[in-house]
Amino acid sequence: MLEIGLKNKRSYVVREADTAQAHGSGTLPVFATPAMVALMERMAMESLEYYFNDLCAVICLTWDQIESSGVAGAELEDLTSLPRSIEGVEVGLTYRQQRDGSFRISVRTSGSIDACNIARRLGGGGHTRAAGCEISGNLDNAKHAVLEEVRKELQRCGLLDQDAG
C-alpha cells in the first residue's frame, strides 16, 4: 500500500538507441520524437491516480518534465486520451503545467458524462466528449477544483451517490 503524500522522482537515461540517428529519422544524435513521446507517456502513466470508484483517472505532467523531454506541445495533445482509454474509466483528466505555473486541464469523457459541463464551470469550454480549461495555482488546488466538478457531473449522471464526497 502506498502512503498518502508519497512523492516519486525518477531519472531517465537517454541511450544511443533512443536517438533520431538510431531510428533512421535524421543524422543528429538527438532524442528521437517517438522515444520522446514514449518517455512522456511513461512519465504520465507513472503519475496515474484514480478517483470516484475508479470512474475517473488523472495523469499529471510538470513543466520540468515537459521541458526536459523536448516534446512539442502538439505531440503532448496525444497524451490527453490516455486516462480515458483505461477500461472502466468514464472521465479522463490530463493536467499539464505551463511555463507560468498554471495548469492546462484536458477533460475526456464517455457515456452520458459531458466534458464541457465540467470545463465550463471552471472557465473553460469545449465539446461533449472533449473539453478543457486552465487553472492558476498549485497542482493540489487545481486537482481539487476539477475533481469537485467531476464529482458533480458523475452525480448528475447517476454514476455516483449524491452523498459521495
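What you see is a predicted model; the values in this text were computed from it and never measured. (Residues numbered from 1 in each chain as written. Predicted model: local features only at pLDDT ≥ 70, side-chain atom pairs only at ≥ 80, totals over all residues. Heavy atoms only, no water.)

One turn of an α-helix holds 3.6 residues; hence residues three or four places apart share an orientation. Over its 18 residues, helix H6 (residues 139-156) runs 26 Å from end to end, which matches the ideal 26 Å to within 8%, given 1.5 Å per residue. Of all the positions in H6, only Ala142, Lys143, Val146, Leu147, Glu149, Val150, Arg151, Glu153, Leu154 and Gln155 are classed as buried. At its buried positions, H6 is contacted by strand E1 (49-51), strand E2 (56-61), strand E3 (91-97), strand E4 (103-109), helix H5 (115-120) and strand E6 (130-135). Once H6 ends, the next one or two residues include Gly158, with phi positive near 75°. (Helix = DSSP H or I, 4+ residues; strand = E, 2+ residues; numbered from the N terminus. Expected span 1.5 Å × (residues − 1). Buried < 20%, exposed > 50% of the residue type's maximum accessible area, 1.4 Å probe, protein only. Contact = heavy atoms within 4.5 Å.)

This next bit is on the environment of Arg129. Looking at the element boundaries, Arg129 is found in the loop between strand E5 (125-126) and E6. Note on Arg129: relative accessible area 35%, which makes it partly exposed. Spatially, the C-alpha atom of Arg129 lies 9.3 Å from that of Ser112, the residues being 17 residues apart in sequence. Those residues in contact with Arg129, other than ones at most four positions away along the chain, are Val107, Arg108, Thr109, Ser110, Gly111, Ser112, Ile113 and Ala115. A distance of 2.7 Å separates a polar side-chain atom of Arg129 from the backbone oxygen of Ile113. (Polar contact = N/O pair within 3.5 Å; in protein donor to acceptor, adjacent residues only side chain to side chain.)

To continue, consider the sheet that holds E5. Within the open sheet, the 6 strands sit side by side as E1-E2-E3-E4-E6-E5. Their pairing is mixed. At either margin of the open sheet sits one strand with a lone partner, and together these are E1 and E5. The pairing of E4 with E6 spans 6 bridges and is classified as antiparallel. Within E6, the position partnered with Val107 by the bridge is Ala131. Strands E1, E2, E3, E4 and E6 of the sheet are contacted by H6, whose axis makes an angle of about 160° with E3. (Pairing = 2+ DSSP bridges. Axes fitted to C-alpha atoms, helices over the stretch in contact; angles between N-to-C directions.)

What follows covers the pairing of E2. In terms of burial, E2 is largely enclosed, as 6 of its 6 residues are buried. Neither face of E2 is open: one carries Cys56, Val58 and Cys60, the other Ala57, Ile59 and Leu61, and all of them are buried. Count of turn residues in the E1/E2 antiparallel hairpin: 4 residues, of which Phe52 carries a positive phi of about 55°.

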